[in-house]
Amino acid sequence: MGLAVKHSVEEQNHSQKKSSWMKSWKFILPGIVIMIMLILLSILYYYQGNYFNTNITVNRINVGGLTPEQALGKLQTTSLTNKVYIGELEIIDGTDTKMRFSEEDLPRFEELLEKQWTFFPSFKKKNYSLFPTRDDQYRSIILKYDLEQKLLSINKPLIAPVDSHAILKQGKISITKSVDGTKYDIKSLLSNYLMQQYTSDIYLDPFFSQPIREDSLTVKNEEKILKEFLQHTVNYQVQDQVFSLKANELIQDAFVSKDKKVVIDPIHIRTRVAEINASQSTLGKDFTFNTHSGSVIQVKGQGYGWALDIEKETALILDAFENGVGSLAASNIYGNGWSNEGYGYETLANGGIGGTYAEVSLKDQRLWLYKEGKVVFTTHVVTGNERTGQHTSKGVWYILYKRTPYTLTGTSPENPYSIKVNYWAPFTNSGQGFHDASWRSNWRGNAYHTAGSNGCVNIPPNVMKNVYQNVSVYQPVVIY
C-alpha cells in the first residue's frame, strides 16, 4: 500500500516538471527562429545587395566578393594582351592596352549585380560579357585592320577552293567536281572577331573558305538555266532570208556567270555566220547579169557589193542568245566603198544589181542607162586606151559622187594634166568615171584601140548633161 502511494507521487512530480519545460520552450523556439532569420537577412543584405557572388566573372575577370564600384575599378586596371588566335595558332601579338571602362559604365555593373542575385549566396560559376560605353578604338579599328591584313598575307600561298558548276560541254550538260582548299574565310573570321567578348586574348574559330558543292542550290539553278537556254532559238534575218539558229544545235560550250547569264563559246556561231555570208553576200563575187541584148553573163563585183562583218554579226547573235532575244536582222555590212561601206544589201532583183543601173559594153563602145528595168537613154562612148594599157576596168561598180563643173587632174610625171569638164561622175576609187570630152574629135567605134581615154568613159559633150541627169549616187555601173 505504501509503495503504491510513493509511485503515484513520483509520477505527479514528473508530469509537473514536463509541463513547466514545455511552457518555457514555447518562448525560446520563436526567439531562435527570429534570430536565425535576422542573421540570414543580414547576410543577404550585406552580400546580395552590395557584393557579387563568389564565382562571378566579368569578361573572364573574377569579381566575386566585390561591389560594382570595386569590380569596375578592377576591370579598369586589367591589361589586354590583344593576342589573336585561330584555334590554338597565335597569328597576332597586339599591343597591350587597358580596358576602356569609365564611370559611365558603373550603372551597367550595378545591373549585373542585380542580374546575378540569388536568395542564398551561390558558388555557381558564371561569366558576364561587357563592352565599354566608350568605343575601344584599338580593338575596333587598329587591331581589326591588322587582323585583316594578316589574314590576307596568310592566305596568299594557300590554295583556294574550287566550286562545282553546271556547264555545257560538247553539247551536253555536266556537273564539275568541287575541291576543298586551304584558304581562310576572311569575311567569316572578321565577323567572328566582332562577336568576341571583351577579353584579354581573342580566340577565333578556324573558318575555311568552302567551295560550292555539287548538290547545292546554286549548281541546281545553273543546271536549270542551261536546260532552258538550250530550248532558245534566234531567228536571224539576212536580206529576205530568215535563218533559225537553235541553241541545242549551234551552242556546244557554255557556262552560267555569277549574274546568272549564260556565257557562250562563240566559235560555232562564227562558223554559221561565215556560212550564211558565203551563201548571201555579193562582195567579190560574180554577178549574173542580163545584157541589153538578152544574153546572160557573169560580171565580177568590184566597188559594188556587200558582205557581213562576221565578227560583229557573231557578237550580235551571241548577245541575242545570252539575253533571250528571239529575232534580229543583220546590221553590220561592209564592202569596197571609200569608207569600207557595202552597197546593194537592200537590192534583190536582177541578181542583186536591181533595175536602175548603167551598162557599158567595151566591145560595142556604148552606154545604156536603165531605170526600173527600162532603157531611158543610150549613147556611143570611148573607153580606155588598149594600146597603152589604160583599160577601163571591168566589173560591177557604183557612182561615187557627182560634180558639175569639175577639173580632172593627172599626177603622173609622164603625163600630168589638168582639164576642166562640165560634168563628172566617178565610179572607181582609182579615178575612172563618166565625163564629157570636148577635146575629143575621134568618136569612132574602134577609137579605144589606139586613141582611147586614160581609163574613163568619154561621153559626147552634147549628150553628157542627159547622162549626168540620169545617173544617181550609189547606182550600179556594169562594165564588161
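For the structure itself, look to the data block above.
Residues numbered from 1 in each chain as written. Predicted model: local features only at pLDDT ≥ 70, side-chain atom pairs only at ≥ 80, totals over all residues. Heavy atoms only, no water.

Moving on: the overall build of the protein. The helix and strand tally for the protein stands at eleven helices and 29 strands. A buried classification covers 39% of the 480 residues belonging to the protein. Here the contacts in the protein between residues at least 6 apart in sequence split such that 64% fall between residues at least 24 apart. (Helix = DSSP H or I, 4+ residues; strand = E, 2+ residues; numbered from the N terminus. Buried < 20%, exposed > 50% of the residue type's maximum accessible area, 1.4 Å probe, protein only. Contact = heavy atoms within 4.5 Å.)

Bringing the sheet that holds strand β27 (residues 433-436) into the picture now. If you trace the three strands from one edge of the open sheet to the other, you get β26-β27-β28, paired in mixed fashion. At either end of the open sheet lies a strand with only one pairing partner, and these are β26 (424-426) and β28 (457-459). Strand after strand, the sheet turns through a mean of 20 degrees between neighbouring axes, direction not considered. When β26 meets β27, the two strands line up antiparallel, connected through three bridges. Looking across to β27, one finds that A425 is bridged to F434. (Pairing = 2+ DSSP bridges. Axes fitted to C-alpha atoms, helices over the stretch in contact; angles between N-to-C directions.)

With that settled, the discussion passes to helix α6 (residues 217-229). Over its 13 residues, α6 extends 18 Å from the first C-alpha to the last, a length consistent with the 18 Å expected when each residue adds 1.5 Å. For α6, the full list of buried residues reads V219, E222, I225, L226 and F229. Down the axis of α6, the sector holding all buried residues measures 120 degrees, keeping them to one side. Opposite the buried face of α6, by more than 90 degrees, sit the exposed residues L217 and K224. Buried residues belonging to α6 abut β8 (166-169), β9 (172-175), α7 (247-250), β13 (254-256), β14 (262-264) and α9 (310-322). (Expected span 1.5 Å × (residues − 1). Arc of directions from axis to C-beta.)

We now examine the nonpolar core. Core analysis: the largest hydrophobic core is formed by 31 residues, its most contacted members being Y236, V238, I251, I264, I269 and F321. Once you skip the residues sitting within four places of it in the chain, Y236 turns out to touch Q241, V242, F243, L245, I276, L308, E313, I317, L328, A329 and A330. Counting residues in hydrophobic clusters, the runner-up holds 22 residues, among them A358, V360, M464 and V471. (Core = buried A, V, L, I, M, F, W, Y, C linked by side-chain atoms within 4.5 Å.)

The full count for this structure, using the stated rule, is six salt bridges. Among the salt bridges present, the one from K227 reaches E223, with a minimum N-O distance of 3.9 Å. Here K227 and its partner E223 are both found in helix α6, four residues apart, which amounts to about one turn of the helix. Taking the relative accessible area as the measure of exposure, K227 reaches 46% and is therefore partly exposed. The residue E311 makes a salt bridge to R270 at a minimum N-O spacing of 3.0 Å. Pair noted here: E311 is in helix α9 and R270 is in helix α8 (residues 267-280), with a separation of 41 residues, a long-range link. Since its relative accessible area comes to 47%, E311 is described here as partly exposed. (Salt bridge = Lys/Arg side-chain N within 4 Å of Asp/Glu carboxyl O.)

Moving on, we come to the sheet that holds strand β1 (residues 56-58). Overall, mixed pairing links the three strands, which are arranged β2-β1-β7 in an open sheet. Edge positions in the open sheet fall to β2 (61-62) and β7 (126-128), since each of these has one partner strand only. Across three bridges, β1 lies against β7 in parallel orientation. When the bridges of β7 are listed, V58 appears paired with Y128.

Let us look at a nonpolar patch on the surface. A contiguous nonpolar patch, built from W117, F119 and F120 and spanning about 360 Å² of accessible area, is present on the exposed surface. Inspection of the secondary structure assignment puts F120 in the loop between α3 (106-115) and β7. (Patch = residues over 30% accessible without salt bridge, like charges linked within 9 Å, V, L, I, M, F, W, Y side chains within 5 Å. Areas by Shrake-Rupley, 256 points an atom, 1.4 Å probe, with all protein chains shown as cover.)

With 14 residues, α8 should cover 20 Å at 1.5 Å per step; its first-to-last C-alpha distance of 20 Å lies within 8% of that length. Close packing links the buried residues of α8 with β11 (233-238), β12 (241-246), α7, β14, β17 (307-308) and α9.

Residues E69, E103, E110, E111 and E114 make up a contiguous surface patch of negative charge. Looking at which element gives the most residues to the negative patch, the answer is α3, with three residues. For E111, a relative accessible area of 53% gives the class exposed. (Lys, Arg positive; Asp, Glu negative; His and termini not counted. Charge placed at Lys NZ, Arg CZ, Asp CG, Glu CD.)

Across the interface, helix α2 (residues 68-76) lies against α3 with an axial gap of 9 Å and an inter-helix angle of 120 degrees. Judged by the inter-axis angle, α2 sits oblique to α3. At the point where α2 passes α3, the crossing takes the right-handed sense. When α2 is examined against α3, the residues P68, E69, A71, L72 and L75 are found in contact with a partner set consisting of L106, F109, E110 and L113. Its residues placed into classes, the contact of α2 with α3 shows seven nonpolar, no polar and two charged. (Parallel < 35°, antiparallel > 145°, perpendicular 65-115°, else oblique. Left-handed = near helix turned anticlockwise from the far one by under 90°. Nonpolar A, V, L, I, M, F, W, Y, C, P; charged D, E, K, R; others polar.)

T404 connects to P405 through a cis peptide bond whose omega is -10 degrees. Structurally, P405 is set in the loop between β23 (395-398) and β24 (406-410). One non-glycine residue, Q239, lies in positive phi territory at about 55 degrees. Along the chain, the position of Q239 falls in the loop between β11 and β12. For Q239, a relative accessible area of 15% gives the class buried. Backbone geometry at Y474 places phi at a positive 75 degrees, although glycine is not the residue there. Among the secondary structure elements, Y474 is positioned in the loop between α11 (461-469) and β29 (476-479).

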